[in-house]
Structure formats: structure tokens, C-alpha cells
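Geometric and topological summary
Each chain, written out:
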Amino acid sequence: MNLGKALEVASATHTGMVRSHNEDAIAVDGSIGLAVLADGMGGYNAGEVASGIAVALITSEMRQAIAKTNLHGLGQEEGDVQAVRLLKGIIAKTNSSIFESANSQPQYAGMGTTLVVALFRDNRLSVAHIGDSRLYRLRREQLEQVTRDHSLLQEQIDSGMLTKEAARRSQNKNLVTRALGIEAEVEAEIHTYDAQSGDIYLLCSDGLNDMVEDDDIALTLNAMGSNLPLAANQLVQMANDNGGRDNVSVVLVKVLRDFPAADTWLSRVLSWFK
Amino acid sequence: MAKLILTLDGVVLKEYALTKERTTIGRKAHNDVQIDNLAVSGEHAAIVTILNDSFLEDLGSTNGTLVNGQPIKKHFLQNSDLVEIGKYKLKYVNDQGAGASAADFEKTMVLRAAPRPQEPRPSDTQSGGVRTDIRATQADTQFNTSTQTGGVRPVPPMPAQPSVQSQAPTEATPFSPPPAPPIHMTQPPAVGPITTLTGAPSAAAAPAVQQGVIQILSGPNAGRELALVKALTTLGKPGVQVAVIAKRPQGYFLTHVEGVNFPMVNGRTLDSQAHLLGDHDIVELAGVKMEFFFKPAV
């Protein structure tokens, strides 16, 4: 089943105004309902290697696994379970692969990456994330942060040490408490949500949300939601206009219409009689 | 590295580097910053430093602690904050950005290992996930900011969730930082792990651009003025023709968003590129004429 007609996608990535390379990596394939974003870290160019491996491996593995398991044809419950299982398995495999490269090649020692993956199927999306790359959702003009960062700042906010406003002034940005490829095992946080026609999903690296206020992100998606590539470029431009201290990447996925799994001739006939 | 500069009547007495997780200030000799003056309580205040951030806390002192003239119980210190204790002043200096090279800015790094695998993961509910994360946080780092002990009243800036309160360890120190978390440095430490972790205030305000205004010249709303204060201002009719004006450091840019027809500026039709608006440009969009101009400074 091809979701290309139900999901419109756009993306943009930029080195920013300060850094010399872009350590972010992104991939998006509307036809299989997959969006991946990774923000690499590690000396010299190892960060790019880590995020590059993550995005390439997850995309190719997911493409194969979706075809093999007929993921987009499965019913509600079975599909949800299967989507989470695929995400878990493929992320674990990717983690090992980065971890092994880092251990076997000295120039890659200590490399790692954050990750956020959105997998759409059957009017739902499963979101996996590790670290401080985020997924936001714009629904009925309201922007909501769906993922919660695995970061020192988020922990300080949770424990009441810092308010959200104070956190913006913290000097301890960009300290993540989980990352892909740093240890032999990693646990991705995975949740499944309903997707609605009209929703716009934004995957972004911290280069966006550190430089652009949530209100301005919401403003952009509301003003430019009808022109997704323009919105993606506008978000990157705003981050750069505000200083562009980090690489900035965005992936946008807009739900154009419902995408039920059981979109077969039989189910359509049955739904007639309901 | 953040430091405190102690002064009395404008005379510098001493400098203290905030190297310790907890730096105490008070009259008694065991304090890291000793101020031998009767207006200062024996244990007057403490500064907890976590990597590059420092938090000042008044330890229930008799005469109180001021930051920039305001009495505080707990305060997240910002560069060049002025702490007053009695007649003494302590200036907090933490200009991280100055020493580090541009390439060191805001590199993402891993602070700590993943949560323990034995931590049960709840099902697909967001709130469940949140709670587990908090528990992992508490267990891993032993942040215990919400503990109520020792006559000290930490004031959490945000209402902590009940689950956080109940799971906070009850040790004597109300504000003890994590025991030196294993920092996975993912970048060769040039000066030391702390000095390379530089950050800067985010979302820096764009440099001042003269205030742009749109005045509608035709149609039912003719005469109306619209100040372009937001980062983006939408013009037109959704589904028919929409354009936005983006406010950028370089000026105001008009960009086509949707619709078959593109906007016109001074009689010329735009392409899909953003167009920098000049003073008194005439914009035509969805059959409505409008004029862009810069508002004269008042």
C-alpha cells in the first residue's frame, strides 16, 4: 500500500551560520510513511558518520521490513504492535552497527547520534526517539511538542530545578542523556498516536528549537502549511537569522487525507453496510 | 569557569572560582566563601554548580540574600548577576562564550548512559512514559531538589508532580547535584570537559529593523493599516491566493505561498523567490492593492 497520496512531505537541512560541517542527516519517504532525522555528535566528522549510518540503515531496513511484513496491510492492533516491534528491532540493530564502527575504527571513537523516527500507518503514527531531536505536531493550528528530550535540561525541568523559560538561558544545552551508538544497548522511547487529516508533523534537530521559539514555529506552520517546502525552508532560515549556532534540519509530514490500513475492496463494501 | 568576585564598597576583596558542586557562603570559618561580618549568618547561602549552570540558594539566613536588588530564596544565576549579602557584594561572572572558539559552540554531547534496562516501560500512553522517565532521572542522578528537610525551604519554580515528590530521596542536602555523571565526551576536550560545553542564549532577538507597515488601498478594507510586527504576516485568502511577509534582519520579504496567481509588486509579477520589499512598494494580491512602507520613527 502506498501512502504517497495521503502524506505530503518536505525537508530541509543546513549547516547553520557557525559550524563547518553538517552533522545532521534526514530521510523521508511518504510512500512508506517513514521520516527519520538524526543529529550526529563526535569529533571531527564522526558525527556525520554516525547520523549518516543511522538514517541510511533505518531507511533501508524499514523499507524491506515494511514490504516483508505487509505492515501497511495489517489491522489496527496487530499493526501497532508490529510497527513498534520493527522500530525497536531496527533501532537496536542500528545502534550496534554504529557502536561497532566506533569501537573498531579509532577515528570514529565515541561517535553517536540522536534520533527521531516517525512511522505512519493506518491513521496512526509510531514515534521513536533518542536524545534531544524532537517531533512536534500542528493540529487545528495548535503546536504541540510530542517527544520529550532525553537531556539534562529536561531532567532539571522535570525535577523542578528550572522553569522552561529559565532553561532557555541555561549554559548546559545539548547535553543528552541518551544517544544511539554510544553504548552496546540503547532504549528508544516509542509511543503511538492517532493521526488526523490536516495534521502537520515536524521532526527537527535542536538547531531549530534552540534558535526559534515554539510560537514562531507554530506561526510558520500555520502561515505556510499549504506550501510545505516553503515552510521547511522558512524554518531553517529563521534559525539562521537568529544566529544559526548549530546545524538545523527539519522534516515536515502533512496528512492530506485518512490512510486506513484495510483499504481493500472488501472492507469498503463492508463499511457500506455498517 | 564561573567565578564570584567579592567586593565591599566597591573594593575587590577576593575572587572565588566555582569549581565545587556546592560552594557555601557564610560567617563561619568552614564556609568556602567566608564573610566575617555579623550581618552575615553562620551558614548564609549556597551555590550549587552543575556543569556550566549555577543555582544560588539562601539557607534561611537572618538578613536574607538579594540578587540584583531582589530578595531571593533560590535563583538561577546568570552572568553578571549581583548577589548582596549584608554590605558585601558578590558578582557572578560566567561568560562562557568568550573563551571558546566558534567550533566549540553547542556541540551535542551525551551526558549519561541509557536508563537501566530493568526499568519497566509502560504501554503506549504518553503520561506513563513520562513518569517512568522521571523515575529513571531521580534514580540515576539523585537530583533531590524537592526534598523538604533541614529547615531549608527550596522553592521549586515549577510545581513538581506528586510522583516526583514521593520518589525524591530524603537526604540532608536539599540541593545536591548528581555525583559526577560519566560524561561521554564526544569531542576532544581542548581545555577540559566543562569549558568546551559552551552555550549561548537562544533565539537571539533579530537586529532592529525599521517597523514595516502594510496599508490596504483597495477593496472593502481600504485604508486599514497592518503593522508587520510578527516574524510572518499572512496576506490573502486561504485556498485562493496567499502570500506571507517575513520579517528578517535584512528587511521584509514577500513570498508566494499558495494559489495559481503570484503576487505583483509595482506592477511586476513575482516568481516563487522571496522578494525584498522597498519603501512605498505597491503589492497586489488576490485583487487587493496595498502599500508597504516603513513607519517613521516616533
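As a reminder, the structure under discussion sits directly above these lines.
Let us look at the structure shown here. (Residues numbered from 1 in each chain as written. Chains lettered and ligands numbered in written order. Predicted model: local features only at pLDDT ≥ 70, side-chain atom pairs only at ≥ 80, totals over all residues. Heavy atoms only, no water.)

1. Here's the deal with the overall build of chain B
- When helices and strands are tallied, chain B shows four helices and 22 strands.
- Within chain B, counting contacts between residues at least 6 apart in sequence, those at least 24 apart form 41% of the total.
- As displayed, chain B has an accessible area near 14,400 Å², and 55% of this comes from carbon and sulfur atoms. (Helix = DSSP H or I, 4+ residues; strand = E, 2+ residues; numbered from the N terminus. Contact = heavy atoms within 4.5 Å. Areas by Shrake-Rupley, 256 points an atom, 1.4 Å probe, with all protein chains shown as cover.)

2. Observations concerning the pairing of strand β22 (residues 288–294) of chain B
All names here are of chain B.
- The element β22 is extensively covered by neighbouring structure, given that five of its seven residues are classed as buried.
- The pairing of strand β13 (residues 212–216) with β22 spans five bridges and is antiparallel. Opposite Gly212, over in β22, you have Phe294 as the bridge partner.
- Sheet topology places strand β21 (residues 281–285) next to β22; five bridges connect them, and they run antiparallel. Within the sheet, the bridge partner assigned to Val283 lies in β22 and is Met290.
- Turn length for the β21-β22 hairpin, with the two strands adjacent in sequence and antiparallel, is two residues, and the turn residue Ala286 shows positive phi of about 50°. (Buried < 20%, exposed > 50% of the residue type's maximum accessible area, 1.4 Å probe, protein only. Pairing = 2+ DSSP bridges.)

3. Topic: the nonpolar core
Residues and elements named next belong to chain A.
- With 34 residues, the main nonpolar core has Met62, Ile91, Leu115, Val117, Leu119 and Leu180 as its most contacted residues.
- Not counting chain neighbours up to four residues away, the residues in contact with Leu180 comprise Ala54, Ile91, Thr94, Asn95, Ile98, Gly112, Thr113, Leu115, Ile130 and Val186.
- Ranked by size, the runner-up nonpolar core spans 32 residues in total, among them Leu221, Val236, Met238 and Val248. (Core = buried A, V, L, I, M, F, W, Y, C linked by side-chain atoms within 4.5 Å.)

4. Let's talk about the sheet that holds β13(B)
Residues and elements named next belong to chain B.
- Spatial ordering of the open sheet is given by β14-β13-β22-β21-β18-β19, a layout of six strands whose pairing is antiparallel. Unpaired on one side and paired on the other, β14 (225–227) and β19 (268–269) mark the two borders of the sheet.
- Across three bridges, the pairing between β13 and β14 is antiparallel. Residue pairing across strands places Ile214 opposite Leu226, the latter belonging to β14.

5. Re the packing of aromatic side chains
Residues and elements named next belong to chain B.
- Per the counting criterion, the structure on display carries six aromatic pairs over all chains.
- Seen in terms of ring centroids, Phe55 and Phe76 are 5.2 Å apart; in terms of plane orientation they differ by 20°. Their pairing is stacked. Of this pair, Phe55 sits in strand β6 (residues 53–58) while Phe76 is found in strand β9 (residues 74–76), placing the two residues 21 residues apart along the sequence.
- Looking at Phe55, the relative accessible area reads 1%, which means it is buried.
- Centre to centre, the rings of Tyr252 and Phe292 are 5.5 Å apart; their planes meet at 55°, and the pair counts as tilted. With Tyr252 in strand β17 (residues 251–258) and Phe292 in strand β22, this residue pair connects regions lying 40 residues apart in the sequence.
- Accessibility expressed as a relative area gives 0% for Phe292, which makes it buried. (Phe/Tyr/Trp six-rings, centres within 6.5 Å; stacked < 30°, edge-to-face > 60°.)

6. Remarks on unusual backbone geometry
- One non-glycine residue with positive phi stands out, namely A:Asn123, at about 60°.
- The backbone phi angle of B:His280 is positive, close to 65°, even though this residue is not glycine.
- One can find B:His280 in the loop between β20 (275–276) and β21.

7. What to know about the pairing of strand β15 (residues 232–237) of chain B
Residues and elements named next belong to chain B.
- Here six bridges tie β15 to strand β16 (residues 241–248), and the two strands are oriented antiparallel to one another. Each bridged residue has a counterpart across the sheet, and for Leu235 the counterpart in β16 is Ala243.
- Between the antiparallel neighbours β15 and β16 lie three residues, among them Gly239 with a positive phi of about 90°.

Worth remembering: the numbers are spatial, not functional.
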